[in-house]
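Structure at a glance
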Amino acid sequence: MNSSCDDDSLPLFSNEFSPSSSSENNPNSSPTQEPQKLIERDLDSYPVHLKEEAIKRFRLLAFINKNLNGGWTPKNLNPLILQHFEETGQSDPPKSRVVCNWRKSYELSGGKITALVPKHHRKGNYELKNTGDGPIFHDALERFLNARRSSIATAYEYYKDQVLLSNERVVEGQIEPLSYSGFKKRIKQLPPYQVAVARHGKFMADQWYGHFSAHKPPTRILEKVEIDHTPLDLILIDDELLVPLGRPYLTLLVDVFSSCIVGFHLGYRAPSYDSVSKAIIHATKPKDYLHSIASDFQHDWPCSGKIETLNSCS
């Protein structure tokens, strides 16, 4: 039986690779598909406390925008912020800079109140995620603080290997190793002076950080005396020639317990053994001669005796 097809009739088979046939067979497809838009998050989708905070910020911005005379400067904003918080009975008013940042976010979003929602959920987690690696981290720290001065990367490789070996021995409660950045952060949190002592020695650490250990304060007079030298702002001038002859140096001995001056020496030579010895002799001897010389002293100077410890301030 022969069958014939008219020219106006549809073909029995269509080309599935042609654009027209593919669009006819797939009614859902369109030649120009528009890109799908993400649905913006609504304010009701946030937790209650975040939603209330966004509404409070919006009301504050509306109050300022209504009553502001001038620009958004701290001088103009601070009184309005305090007034709004007093009228609403709120506490802890924000600073003017923070309010300006809220206004900027609100305007950049096109006036959407969701821009005023606090973004605390985007902050990172500052707590350590791993537990139980104390002994392993201590061993890696000892390797880092060794006098060989290995790098942080070398200590981290040792730490990571020890964690893997420790996890192979247990089935439950395995230790999650720190990342390199987390390990480095814990190293940086160590006291820098102690790290310098362990890696470079106490002498170099004292040179870098100027560390001085605590001393035992004196409990009695003359237990500890400090000596120091200083040039005075005086210049001796010859009476006839009017030329400078020299600048005096003052050597003082001060008792640490009483803060009293126990002796001194005044001379025109630079500080030396001679000035120190004369100042010590003057400190140990009584000062009874004050009454026999022409001076304006009104009180006694009862500072004399044997010095137990003499320290230099220079």
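Our structure is the block above this text.
Quick caveat, the model's predicted, so the values are computed rather than measured. (Residues numbered from 1 in each chain as written. Predicted model: local features only at pLDDT ≥ 70, side-chain atom pairs only at ≥ 80, totals over all residues. Heavy atoms only, no water.)

**Thoughts on the pairing of strand β1 (residues 225-231)**
- Alignment of β1 against strand β4 (residues 249-255), held across 7 bridges, turns out to be antiparallel. If you follow Ile227 over to β4, its bridge partner there is Leu253. (Pairing = 2+ DSSP bridges. Helix = DSSP H or I, 4+ residues; strand = E, 2+ residues; numbered from the N terminus.)

**Some words on the sheet that holds strand β5 (residues 261-267)**
- With mixed pairing, 4 strands are arranged side by side in an open sheet as β5-β4-β1-β6. Looking at the sheet topology across the chains shown, the edges are occupied by β5 and β6 (310-312). Adjacent strand axes in the sheet meet at a mean angle of 20 degrees, parallel and antiparallel pairs treated alike.
- The strands that helix α10 (residues 273-284) touches are β1, β4, β5 and β6; relative to β5, the one it contacts most, it runs at about 140 degrees. (Axes fitted to C-alpha atoms, helices over the stretch in contact; angles between N-to-C directions. Contact = heavy atoms within 4.5 Å.)

**Comments concerning the pattern of salt bridges**
- Within the structure shown, the criterion is met by 8 salt bridges.
- Salt-bridge contacts for Asp233 lead to Arg247; the nearest nitrogen and oxygen are separated by 3.0 Å. Taken together, the residues span a long stretch of sequence, with Asp233 in the loop between β1 and β2 (236-237) and Arg247 in the loop between β3 (244-246) and β4 at a distance of 14 residues.
- Between Lys278 and Asp274 there is a salt bridge; the shortest N-O distance is 3.4 Å. Of this pair, Lys278 and Asp274 both sit in helix α10, 4 residues apart, which is roughly one turn of that helix.
- Of the residues examined, Lys278 reaches a relative accessible area of 41% and is grouped as partly exposed. (Salt bridge = Lys/Arg side-chain N within 4 Å of Asp/Glu carboxyl O. Buried < 20%, exposed > 50% of the residue type's maximum accessible area, 1.4 Å probe, protein only.)

**Describing the environment of Ser258**
- Checked against the element boundaries, Ser258 lands in the loop between β4 and β5.
- With relative accessibility at 29%, the residue Ser258 sits in the partly exposed group.
- Separated by 39 residues in sequence, Ser258 and Thr219 have C-alpha atoms that sit 9.7 Å apart.
- Side-chain polar atoms of Ser258 contact the side chain of Asp255, separated by 2.6 Å. (Polar contact = N/O pair within 3.5 Å; in protein donor to acceptor, adjacent residues only side chain to side chain.)

**Here's the deal with the packing of helix α5 (residues 134-144) against helix α7 (residues 180-188)**
- Look at α5 against α7: their axes get within 12 Å of each other, and the N-to-C directions meet at 65 degrees. By the angle class used here, α5 and α7 are roughly perpendicular. Crossing of α5 against α7: the hand is right-handed. In contact with Phe137, Ala140, Leu141 and Phe144 of α5, α7 contributes Phe183, Arg186 and Ile187. (Parallel < 35°, antiparallel > 145°, perpendicular 65-115°, else oblique. Left-handed = near helix turned anticlockwise from the far one by under 90°.)

**A few points about the nonpolar core**
- If you look at the biggest cluster of nonpolar residues, it comprises 17 residues, and the most contacted ones within it are Leu60, Ile64, Ile81, Val99, Trp102 and Val117.
- If you list the elements that add at least two residues to this core, you get α2 (48-67), α3 (74-88) and α4 (96-108).
- Residue contacts for Trp102: discarding those within four places in its chain leaves Arg57, Leu60, Leu61, Pro94 and Leu116. (Core = buried A, V, L, I, M, F, W, Y, C linked by side-chain atoms within 4.5 Å.)

**Here we look at the packing of helix α6 (residues 152-168) against α7**
- In the contact formed by α6 and α7, the axes pass within 10 Å of each other and the chain directions differ by 115 degrees. In the packing of α6 onto α7, the handedness of the crossing is right-handed. Only Tyr180, Phe183, Lys184, Ile187 and Lys188 of α7 make contact with α6, whose side of the interface consists of Ile152, Ala153, Ala155, Tyr156 and Tyr159.
- Residue classes in the contact of α6 with α7 are distributed as 8 nonpolar, no polar and 2 charged. (Nonpolar A, V, L, I, M, F, W, Y, C, P; charged D, E, K, R; others polar.)

**A few points about the layout of surface pockets**
- Taken as a whole, the second largest pocket encloses approximately 150 Å³ of empty space.
- For the second largest pocket, the full set of lining residues is Glu53, Lys56, Arg57, Leu60, His84, Phe85, Gln90, Ser91, Asp92, Pro94 and Trp102.
- Per element, the largest residue contribution to the lining of the second largest pocket is 4 residues, and it comes from α2.
- Partitioned by chemical class, the residues of the lining of the second largest pocket number 4 nonpolar, 3 polar and 4 charged. (1 Å grid on protein atoms, 1.4 Å probe; cavity = no way out; pocket = protein on both sides within 12 Å on 5 of 7 lines; lining within 4 Å. Points joined across faces, edges and corners; volume = space filled by probe spheres on them.)

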